[in-house]
Amino acid sequence: MNNYGAKNAGALRVASVNVNGIRAAYKRGMDAWLAGRDVDVLCLQEVRAPDAIVRELIGEGWHVLHAEAEAKGRAGVAIASRVEPVAVREHIGDDYFTTTGRWVEADFAVDGGKILSVTSAYVHSGEVDTPKQVDKYRFLDVVSERLPKLRVEKDYALVVGDLNVGHTTRDIKNWKGNVKRAGFLPEERAYFDRFFGEEIGFKDVHRELAGDVDGPYTWWSWRGQAFDNDAGWRIDYHMATPELAQRAGNAVVDRAATYDARFSDHAPIVVDYQF
């Protein structure tokens, strides 16, 4: 088990991970990772399990918000928190996506009664020139409408999850070979220009803390030598309003020590927010 260091007093530790099926993740040791991480808010994507099983696996001591996808064995997002939320919203607001298990929001009281909204999001992977890509763009359009509302309505807002787009060439090891593939299309990356630009104004927390470096990547294919060669993609994000991003520190990708030690093809990204 990695030694990540203690959490500062007053810090809210938020972890996000695409579990690639929560039942499989727990069989591979996700529970041991979680037990040693002192997480306050755990955001999951691609849960792919019935609600009763999700609650059983996460266990006692957590408040669980879970949006199960109508399609069995697909998608599903959840937020598990040590403190009970003061309000929850189980989808993004567009009826087209109500039962797709891709967006949940939970509000928490922090910092003397101010409201922090935390979202667990799972953007479509997409596929060029197919209905899957049309759905991905439609979802990103709705996200583009939701983010400004969160920024206005909440004291602090945080959207985390598998957003399935590498924003810049720093975010994909082999980016030159992927410019025509879903996940690194110019049209997709343009959405993130808006998310992190003046128009919408969220901050890419991990990028700002890591600096202008390759990665750190959060996803590696199960196939071949991608993990061992660190040929990854940074497609998992913490997107925060500026007021919250200023409180962020100690951002870590919990990359497994070896291929065999992974519990998902994604690694958790963990950030402390100091209140």
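Presented here is an overview of the structure given in this document. Remember, it's a predicted structure, so these values are computed and weren't measured experimentally. Going along each chain's sequence as written, the residues are numbered from 1 onward. Residues qualify for local features only when their pLDDT is at least 70, as the model is predicted, and side-chain atom pairs are given and counted only at 80 or more; totals for whole chains, interfaces and linings, by contrast, use all residues. In computing side-chain properties, one takes all heavy atoms of the structure into account and sets aside hydrogens as well as water.

Here the focus is empty space enclosed by the protein. Using only the protein atoms, space was sampled on a 1 Å grid; points where a 1.4 Å probe fits but cannot get out form cavities, open sets with protein on both sides within 12 Å along at least five of seven lines form pockets, and lining residues are those with an atom within 4 Å of a point. Grid points are joined across faces, edges and corners, and a volume is the space filled by probe spheres set on the points. Here the structure, examined in full by the defined rule, presents one cavity of 30 Å³ or more. Volume-wise, the largest cavity comes out at about 50 Å³. Along its surface, the largest cavity is lined by Ala-67, Glu-90, His-91, Ile-92, Phe-97, Thr-98, Thr-100, Gly-101, Arg-102, Trp-103 and Phe-139. Charged means Asp, Glu, Lys or Arg here, nonpolar means Ala, Val, Leu, Ile, Met, Phe, Trp, Tyr, Cys or Pro, and polar covers whatever is left, Gly included. Its residues assigned to classes, the lining of the largest cavity shows five nonpolar, four polar and two charged.

Turning next to the side chain of His-167. You can see His-167 is positioned in the loop between β8 (156-162) and α5 (186-195). Accessibility here uses a 1.4 Å probe with only protein chains present; expressed as a share of the type maximum, an area under 20% marks a residue as buried, one over 50% as exposed, and anything in between as partly exposed. Classification of His-167 by relative accessible area gives buried; the value is 13%. By the criterion applied in these results, polar contacts are pairs of N or O atoms within 3.5 Å in which, for protein atoms, one can donate a hydrogen and the other can accept it, and in which residues neighboring in sequence qualify only through two side-chain atoms. One polar contact links His-167 to Asp-193, side chain to side chain, over a distance of 2.7 Å. The contact criterion used is simple: two residues touch if any of their non-hydrogen atoms lie within 4.5 Å. For His-167, the residues in contact, after removing those within four places along its chain, are Phe-184, Arg-189, Phe-192, Asp-193, Phe-196 and Tyr-237. Helix and strand assignments follow DSSP, with helices taken as H or I runs no shorter than four residues and strands as E runs no shorter than two, numbered in order from the N terminus.

Bringing the side chain of Arg-234 into the picture now. Along the chain, Arg-234 turns up in the loop between α6 (205-210) and β10 (236-240). A polar side-chain atom of Arg-234 sits 2.6 Å from a polar atom in the side chain of Asp-204. Those residues in contact with Arg-234 that sit more than four places away from it in its chain are Val-165, Gly-166, Asp-171, Asp-204, His-206, Arg-207, Gly-215, Pro-216, Tyr-217 and Thr-218.

By volume, the largest pocket is sized at about 1100 Å³. Around the largest pocket, the lining comprises 41 residues; the ones closest to its centre are Tyr-122, His-124, Ser-125, Gly-126 and Asn-164. A per-class count over the lining of the largest pocket returns 14 nonpolar, 15 polar and twelve charged.

Our focus in this paragraph is the environment of Arg-13. Tracing the backbone shows Arg-13 in strand β1 (residues 11-18). The exposure class of Arg-13 is buried, given its relative accessible area of 2%. For the pair Arg-13 and Val-39, spaced 26 residues apart in sequence, the C-alpha to C-alpha distance is 5.2 Å. A polar contact is formed between the side chain of Arg-13 and the side chain of Asp-272, at a distance of 2.7 Å.

The linkage connecting Gly-215 with the following residue, Pro-216, adopts the cis geometry, with an omega of -5°. Position of Pro-216 among the secondary structure elements: in the loop between α6 and β10. Not every positive phi belongs to a glycine, and Asp-129 is a case in point at roughly 60°. Secondary-structure assignment places Asp-129 in the loop between β7 (114-122) and α4 (131-153). Non-glycine residue Asn-250 carries a positive phi angle of around 60°. By the element assignment, Asn-250 lies in strand β11 (residues 248-253).

Once that is clear, we can look at the sheet that holds strand β2 (residues 41-45). Two strands make a pair as long as DSSP finds a minimum of two bridges between them. Pairing in this open sheet of six strands is mixed, and the strands run β3-β4-β2-β1-β12-β11 from one edge to the other. What marks the edges here is a single partner per strand, and that holds for β3 (63-67) and β11. Each adjacent strand pair in this sheet contributes to an overall mean axis angle of 15°, direction not counted. Two strands pair when backbone bridges link them, and β2 and strand β4 (residues 77-81) are joined in this way by five bridges, in the antiparallel orientation. Among the inter-strand pairings, Leu-44 is bridged to a residue of β4, identified as Ala-78. This element, helix α3 (residues 51-58), spans β2, β3 and β4 of the sheet and lies at about 150° to β3. Orientation is described by axes fitted as lines to C-alpha atoms, over the contacting stretch for helices, and by angles from 0 to 180 degrees between their N-to-C directions.

Across the sheet, which stays open at both edges, the six strands sit in the order β5-β6-β7-β8-β10-β9 with mixed pairing between neighbours. At either margin of the open sheet sits one strand with a lone partner, and together these are β5 (87-89) and β9 (203-204). In terms of strand pairing, strand β6 (residues 103-110) meets β7 through eight bridges, oriented antiparallel. Bridge pairing in β7 links Glu-105 to Thr-119. Together, β5, β6, β7, β8 and β10 form the strand contacts of α4, whose direction differs from that of β6 by roughly 15°.

The quantities given are spatial measurements derived from coordinates; they are silent on function.
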